[in-house]
Amino acid sequence: MLALIILSSPFVLAAQDASATYFLYELVVPSGYYQPIQIDAPSNNTTIFFSIDSNTSLSTALMTNSQFSSFNNSNAEISGSLFLQNGTTAQHSMSVPEGVYYLVFFAYGNTANVSYNYQTYPISPFLVVPLTPPEPTGIASFGLYNNSGSVTPYTVKSSDAVGVADIAALQAYNASAAASNDTLSGATLQLNSILEVDEQGGLQQFYWVQNTPDFVTSASQVAWADNIWNFSVSGILSNSTITSADGGYAYSYNNNGAPGYYYSFESSNSTYSLPLQLALIISETAMPGKGVTVQMGAQEISNGSAPAQPINWFDNATIVDPTVQSAAFYVSGNVTTPNGLYTDTELVFGGEGNGEATHFTQLSASIGLFYGNSTVGPQTAFPSFYSFGGDTGEATDDVSVSYSGNGFSTVSVGTPDYVYLGTASGTYTLPLAGTTVTTSFSSQSTTSTSTTSSSSGSASSFPLSYLAGVLLLVSFLALVTVSARGARRVGRKDWVISSEAC
């Protein structure tokens with residue numbers, strides 16, 4: 001359900017350095033041009049780290065917002081900056097106050113092919129400041145407290161993540177949805193989280209887990225769906241390394257010339273009625289020496305006037321990894337994944353798939369986001385929330401969010417405001433979460449909570465691209481060439497669909 005960003009500029013691409021734990025960006029700066037990269041420092045004591053390598057000498061500068069404004073608008077000298085170095089390489093780390101900064105590359109001689117990376121500590125959830133619609137909208141924990149410019153990271157590790165939605169109104173419409181191979185009235189509610197897998201020898205793998213009901217709002221139909229993506233340098237998801245008896249399948253895709261891998265499953269349709277109260281659950285079980293089983297669950301707490309149903313564990317996928325020691329769903333405000341994305345957990349509304357941004361003509365819901373180490377008993381609200389997600393590509397342009405307490409926020413059609421919602425607290429207990437379901441790994445079995453059931457309904461009317469054409473979102477700045485003085489940033493997303501079974 002996600003899409004790989006292929007930058008619209010012919011001068012920019014991104015590639016992952018297999019020997020590094022960061023994402024490597026590449027761009028071309030023509031002779032006599034400059035390229036700015038916006039960096040948000042979220043805290044009054046933020047560390048900005050960057051390193052660059054170029055095939056020819058160029059100027060690398062780090063500027064405050066005001067310094068860049070003077071340089072950009074008044075032909076000021078590039079020497080007015082916090083850091084300036086000429087040459088083919090540069091590496092620097094600096095503590096700065098909260099604010100917007102710019103990493104600027106100026107090719108004063110030959111055209112420069114630049115490889116660079118940067119990171120802030122703590123991380124910033126803002127790709128650019130301010131974020132503008134469309135964005136994945138709802139609630140997300142980035143592992144950050146934000147108290148008026150004093151940002152404090154925190155970490156949450158758990159075996160389960162739970163997203164709860166009480167939906168009173170749901171209608172989406174996007175006249176251009178066919179361009180994304182999506183349904184005109186399609187929409188998704190996505191529970192997304194990072195699975196950290198600890199292996200023997202101190203190695204780690206990161207996988208992105210998504211539990212995503214796929215709605216066709218004009219027909220009041222929904223399909224239960226999930227994806228698991230490889231977010232690591234060495235992890236591979238093929239049909240020999242991820243297995244499922246429920247019918248899921250692994251796919252490969254072209255990730256800027258390098259192979260990428262993801263797993264996908266989608267059920268046939270079932271019908272829903274409003275009000276719809278729904279719980280989405282992702283649960284992991286680590287089996288040292290064998291692998292990690294990821295269970296995807298959905299519980300219809302109410303479907304119109306229908307009573308609560310047991311949890312439907314609609315997919316159980318096992319990542320085969322004999323070196324596994326432990327695993328957890330992972331949120332951290334100081335850590336990004338090896339491919340440069342956030343270690344956040346999010347419950348967000350967006351388009352149906354393939355990076356689509358939809359428009360909600362009706363939306364009224366209360367959503368909550370919780371974690372725990374069992375699906376039985378109280379789940380704990382994440383400590384803080386932002387009103388947008390960081391890792392998914394599907395988005396919406398007209399949803400407003402406000403925190404209402406006890407781990408829940410209200411979402412409705414309105415003017416978007418992508419902000420820190422504040423601290424959160426509270427608990428939530430899933431109803432009817434007390435019976436068992438058995439999952440198998442070869443001849444071994446483990447037991448977790450709740451009851452299996454199967455989805456029913458007509459054959460799926462959702463686009464096949466949801467299953468076979470969904471691609472990984474790479475969240476970095478989209479740079480394009482315009483302006484008399486240099487390349488200018490004008491956008492974020494440009495989607496390409498391409499995948500094959502592996």
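Further up the page is the structure itself.
About the thresholds
Residues numbered from 1 in each chain as written. Predicted model: local features only at pLDDT ≥ 70, side-chain atom pairs only at ≥ 80, totals over all residues. Heavy atoms only, no water. Helix = DSSP H or I, 4+ residues; strand = E, 2+ residues; numbered from the N terminus. Buried < 20%, exposed > 50% of the residue type's maximum accessible area, 1.4 Å probe, protein only. Contact = heavy atoms within 4.5 Å. Pairing = 2+ DSSP bridges. Salt bridge = Lys/Arg side-chain N within 4 Å of Asp/Glu carboxyl O.

## Description of the environment of Tyr207
When you line up the elements, Tyr207 lands in strand β15 (residues 204-211). Residue classification places Tyr207 among the buried positions, given a relative accessible area of 3%. Placed 122 residues apart in sequence, Tyr207 and Phe329 show a C-alpha to C-alpha distance of 9.3 Å.

## A few points about the environment of Ile228
Counting through the fold element by element, Ile228 comes out in strand β18 (residues 225-230). Separated by 22 residues in the primary sequence, Ile228 and Ala250 place their C-alpha atoms 8.9 Å from one another. The residues touching Ile228, leaving out its near neighbours within four places in the chain, are Tyr207, Trp208, Val209, Leu237, Ile242, Tyr262, Tyr263, Val294, Met296, Ala317 and Ile319.

## Regarding the pairing of strand β23 (residues 276-287)
Burial analysis of β23 places nine of its 12 residues in the buried class, which makes it a mostly covered element. Bridge analysis of strand β13 (residues 160-172) against β23 gives eight bridges, and the strand direction is antiparallel. By the bridge assignment, Gly163 is partnered in β23 with Leu280. In terms of strand pairing, β23 meets strand β24 (residues 291-303) through 12 bridges, oriented antiparallel. Each bridged residue has a counterpart across the sheet, and for Met287 the counterpart in β24 is Gly291. Linkage of β23 to β24, two consecutive antiparallel strands, is achieved through a turn of three residues, within which Gly289 is found at a positive phi near 85°.

## Brief notes about the pattern of salt bridges
Close approach of charged atoms lets side chains of opposite charge pair. Considering all chains together, one arrives at one salt bridge under this definition. Among the salt bridges present, the one from Lys157 reaches Glu196, with a minimum N-O distance of 3.2 Å. In this pair, Lys157 sits in strand β12 (residues 155-158) while Glu196 sits in strand β14 (residues 186-199), placing the two residues 39 residues apart along the sequence. A relative accessible area of 3% places Glu196 in the buried class.

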